[in-house]
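Commentary on secondary and tertiary structure
Residue strings, one per chain:
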Amino acid sequence: MELKCLGGVNEIGGNAFLLKNADTHILLDFGKSFKQEGRFFSGFLKARTSKGLQDFFELGILPEIDGFYSSDLRLNKKDTNITACFLSHAHLDHFGNINLLNEKIPIFMGETAKTIIQSIQDTSRVPFGRPFIRDATDEVPSNVRTFRTGDVFQLGTMEIIPIHVDHSIPGSYGYIIKGNKTIVYSGDLRLHGWRKDLTKDFIQEAKNSNPDILLMEGTNINEVSTMDEIQVREDISKTIASTKELVIANYSLRDIDRFRSFYLATKENGRKLLINTKQAYLLKMLQDDPNLDIPSVTDPHIQVYKRSKTKFYKWEEQLFEELHLVEKNNFDQSTAVFHCDFWNLPDLIDIKPKQHSTYLYSHGDPFDIEGELDFNRMMEWINHYNLKFKQYHASGHASQYDLIKIVNKIEPDLVIPIHSEQPELYEDLIEIPVLLPKKYHNIHL
Ligand SMILES: [Zn+2]
Ligand SMILES: [Zn+2]
């Protein structure tokens, strides 16, 4: 077998791994590399999309492979030899480039991941390329296929087994891939979330497969320990209890576990959680998923905030017909928890938070210069309105302690660290041999 890392090397994200076994070629994830793009582009300094993907090829941001990309991108029309693409989960650093892929390549993803990607597509600006999830037409069938844990795929000379894991977005999977060798791909995972049992199932199945190679994420390989979600929920609840006026919450709207923590803490304190239309849209779509225990968007402790805009999107207008909405002047600040992320900070101008309000920031620390600049901008808003600042967060990724535990439990013959800024740390931390991959190099397994 052969492995070529097209991304996810010495960086957190941009995952894309090509696995070959005889004439079967499988692509594991095809994510955006924010680090590589950010090296060359920012704001109005953009790649020229009129040139197709040429700018990305020139700068080494995307791999130049015959037949790999969609036929609308004016590249040569060679047929692809990729049998299928398998996605681990619905984070952009894992799926964000699938809209560029040759439409003949089937893309497999979990049922829930598909729902989330569909909601991103419905409620965000259309990215360059094709839609992420393409509906079937009379001429072209959709190339999206979905699965749940328990499904096994035999494609050519490879067997691919998706197994659920716990991560900061529902519908996350790792994979066991059997060809001449057995390879385990961790995706992104953790052992300190509400659903750590999912990751434990994955570890057990991976161990049982007697793997030769483990492609292992290492986002937090330098973080000895991390807070867990239970602690986060308790801290949020205490902060709400000690705040007299408005609590403003900045959390990732697709992190359903964090949303649930905020919901429960809000309810415990007899308040109402005001969510934005994007989150309401996503919750409505996920509502029917039997495996997710998600509070309903019509729950008495949840309200949807209608922003002060003159023009709304069609998908928002449809929501307004079905839901009870709250506007800037018709809610009581002392009984509300108001979701307001970075992009919606101007909403504070409409709401005018009263003295003794709190801003609860529920993300990790910024990890690059752009992130620090945005963080400083957010702090300007917080200072302007004289808000009390609090930060509580549990990572979506396993701590160093848990990563070592996971690797030792799965017990592969070789570990290939990916999705990490410091993959070399694995060499000192585990006894199992480690191979540090190089981007675009073939590794014979
Ligand atoms: Zn990731
Ligand atoms: Zn992720």
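This section reports on the structure supplied with the text. Just so it is clear, the structure is predicted and the values come from calculations on it, not from any experiment. (Residues numbered from 1 in each chain as written. Chains lettered and ligands numbered in written order. Predicted model: local features only at pLDDT ≥ 70, side-chain atom pairs only at ≥ 80, totals over all residues. Heavy atoms only, no water.)

What about the overall build of the protein?
Secondary structure assignment for the protein yields 13 helices and 20 strands. Its C-alpha atoms give the protein a radius of gyration of 22 Å, within 12% of the compact-globule value 22 Å for 445 residues. With respect to the principal axes defined by its C-alpha atoms, the protein has extents near 65 × 50 × 40 Å. Expressed as a percentage of its 445 residues, the buried residues of the protein come to 55%. Put simply, of all contacts in the protein between residues at least 6 apart along the chain, 70% involve residues at least 24 apart. Accessible surface for the protein amounts to roughly 20200 Å². Of this, 48% is attributable to carbon and sulfur atoms. (Helix = DSSP H or I, 4+ residues; strand = E, 2+ residues; numbered from the N terminus. Rg over C-alpha atoms; globule rule 2.2 N^0.38 Å. Buried < 20%, exposed > 50% of the residue type's maximum accessible area, 1.4 Å probe, protein only. Contact = heavy atoms within 4.5 Å. Areas by Shrake-Rupley, 256 points an atom, 1.4 Å probe, with all protein chains shown as cover.)

Digging into the coordination of the zinc ion (ligand 2)
Surrounding the zinc ion (ligand 2) are the protein donor atoms H89 (NE2), H91 (ND1), H167 (NE2) and D188 (OD), at 2.1 to 2.4 Å. Judged by relative accessible area, which is 1%, H89 ranks as buried. (Donors = N, O, S within 2.8 Å, 3.2 Å for Na, K, Ca; no water.)

Focus: the environment of L215
Its location among the elements puts L215 in strand β11 (residues 213-217). Residue classification places L215 among the buried residues on the basis of a relative accessible area of 0%. As a C-alpha pair, L215 and G150 span 65 residues in sequence and 21 Å in three-dimensional space. Apart from the residues within four sequence positions on either side, L215 is in contact with L3, F17, L28, V184, Y185, S186, I416 and I418.

Thoughts on the coordination of the zinc ion (ligand 1)
Coordination of the zinc ion (ligand 1) by the protein is provided by D93 (OD), H94 (NE2), D188 (OD) and H419 (NE2), with metal-donor distances spanning 2.1 to 2.3 Å. What the 4 donor atoms of the zinc ion (ligand 1) show is an angle range of 83 to 164° at the metal, which sorts the shape as irregular. Donor residues for the zinc ion (ligand 1) sit on one chain with the sequence pattern D-H-x93-D-x230-H. Taken as a pair, the zinc ion (ligand 1) and the zinc ion (ligand 2) lie 3.4 Å from each other and share D188 as a ligand. With H94 in helix α3 (residues 92-95) and D188 in the loop between β10 (182-185) and α5 (196-208), the pair connects residues that are 94 residues apart, well separated along the chain. H94 sits in the buried class, given a relative accessible area of 0%. The exposure class assigned to D188 is buried, which follows from its relative accessible area of 2%. (Tetrahedral: all angles 85-135°; square planar, octahedral: opposite > 155°, others 65-115°.)

Quick notes on the packing of aromatic side chains
Following the criterion strictly, the structure yields 24 aromatic pairs and no others. Arranged with centres 5.0 Å apart and planes meeting at 75°, the rings of F95 and F132 form a pair that is edge-to-face. With F95 in helix α3 and F132 in the loop between α4 (111-123) and β6 (144-147), this residue pair connects regions lying 37 residues apart in the sequence. Its relative accessible area of 7% is what places F132 among the buried residues. Geometrically, the ring pair formed by Y251 and F262 is stacked, given 4.8 Å between the ring centres and 25° between the ring planes. (Phe/Tyr/Trp six-rings, centres within 6.5 Å; stacked < 30°, edge-to-face > 60°.)

Re the sheet that holds strand β17 (residues 358-361)
Taken in spatial order, the 7 strands line up as β15-β14-β13-β16-β12-β17-β18 in an open sheet, and their pairing is parallel. The sheet is open, and its two edges are formed by β15 (325-326) and β18 (388-391), each paired on a single side. Both β17 and β18 contribute to a ladder of 4 bridges, which runs parallel. The partner of Y361 across the bridge, within β18, is Q391. Contacts between helix α7 (residues 256-268) and the sheet are confined to β12 (247-250), β13 (272-275), β14 (302-305), β16 (336-339) and β17, with β13 contributing the most and set at about 145° to the helix. Along the sheet, helix α8 (residues 277-286) makes contact with β13 and β14, crossing β13 at roughly 100°. (Pairing = 2+ DSSP bridges. Axes fitted to C-alpha atoms, helices over the stretch in contact; angles between N-to-C directions.)

A few points about the pairing of β16
Burial along β16 is two-sided: the residues A336 and F338 and V337 and H339 are all buried. Sheet topology places β12 next to β16; 3 bridges connect them, and they run parallel. Residue pairing for β16: I248 is matched across the bridge by F338. Summarising the sheet, β13 and β16 pair through 3 bridges and their orientation is parallel. Following the sheet pairing, L274 is matched in β16 by F338.

Observations regarding the packing of helix α6 (residues 229-241) against α7
For the pair α6 and α7, interaxial distance at closest approach is 9 Å and the crossing angle is 35°. In this structure, α6 crosses over α7, and the sense of that crossing is right-handed. Across the interface between the two elements, E229, V232, R233, I236, S237 and I240 of α6 pack against D257, R258, S261, F262, L264, A265, T266 and E268 of α7. (Left-handed = near helix turned anticlockwise from the far one by under 90°.)

Observations concerning the sheet that holds strand β7 (residues 153-155)
Strands sit in the order β7-β8-β9-β10-β11-β19 across an open sheet of 6 strands; the sheet is mixed. Each edge of the sheet is formed by a strand with only one pairing partner; in this case those strands are β7 and β19 (414-418). Pairs of neighbouring strands in the sheet enclose a mean axial angle of 20°, with direction left out of account. Bridge count between strand β9 (residues 173-178) and β10: 4 bridges; the pairing is antiparallel. Bridge pairing links Y175 to Y185 in β10. The sheet contacts of α5 involve β8 (158-164), β9 and β10, and relative to β8 the element is tilted by about 150°. The strands touched by helix α12 (residues 400-410) within the sheet are β11 and β19, with β11 carrying the most contacts at an inclination of about 165°.

A few points about α5
With 13 residues, α5 extends 19 Å from end C-alpha to end C-alpha; this agrees with the ideal 18 Å at 1.5 Å per step. Turning to α5, its buried residues number three or more, namely L198, T199, F202, I203 and A206. Mapping the buried residues of α5 onto a view down its axis gives an arc of 140°, with all of them on the same face. Structurally, α5 contributes buried residues whose contacts are with β8, β9, β10 and α12. Directly after α5, the chain includes N210, whose backbone phi takes a positive value near 50°. (Expected span 1.5 Å × (residues − 1). Arc of directions from axis to C-beta.)

Remarks on the nonpolar core
One finds L27, F30, Y69, M109 and I275 to be the most contacted residues of the largest nonpolar core, which totals 67 residues. For M109, the residues in contact, after removing those within four places along its chain, are L87, I98, K114, I117, I133, V144, R145, T146 and F147. In terms of nonpolar packing, the next biggest core, distinct from the first, is built from 28 residues, L19, F153, I160 and I213 among them. (Core = buried A, V, L, I, M, F, W, Y, C linked by side-chain atoms within 4.5 Å.)

Purely spatial values, then, with no claim about function.
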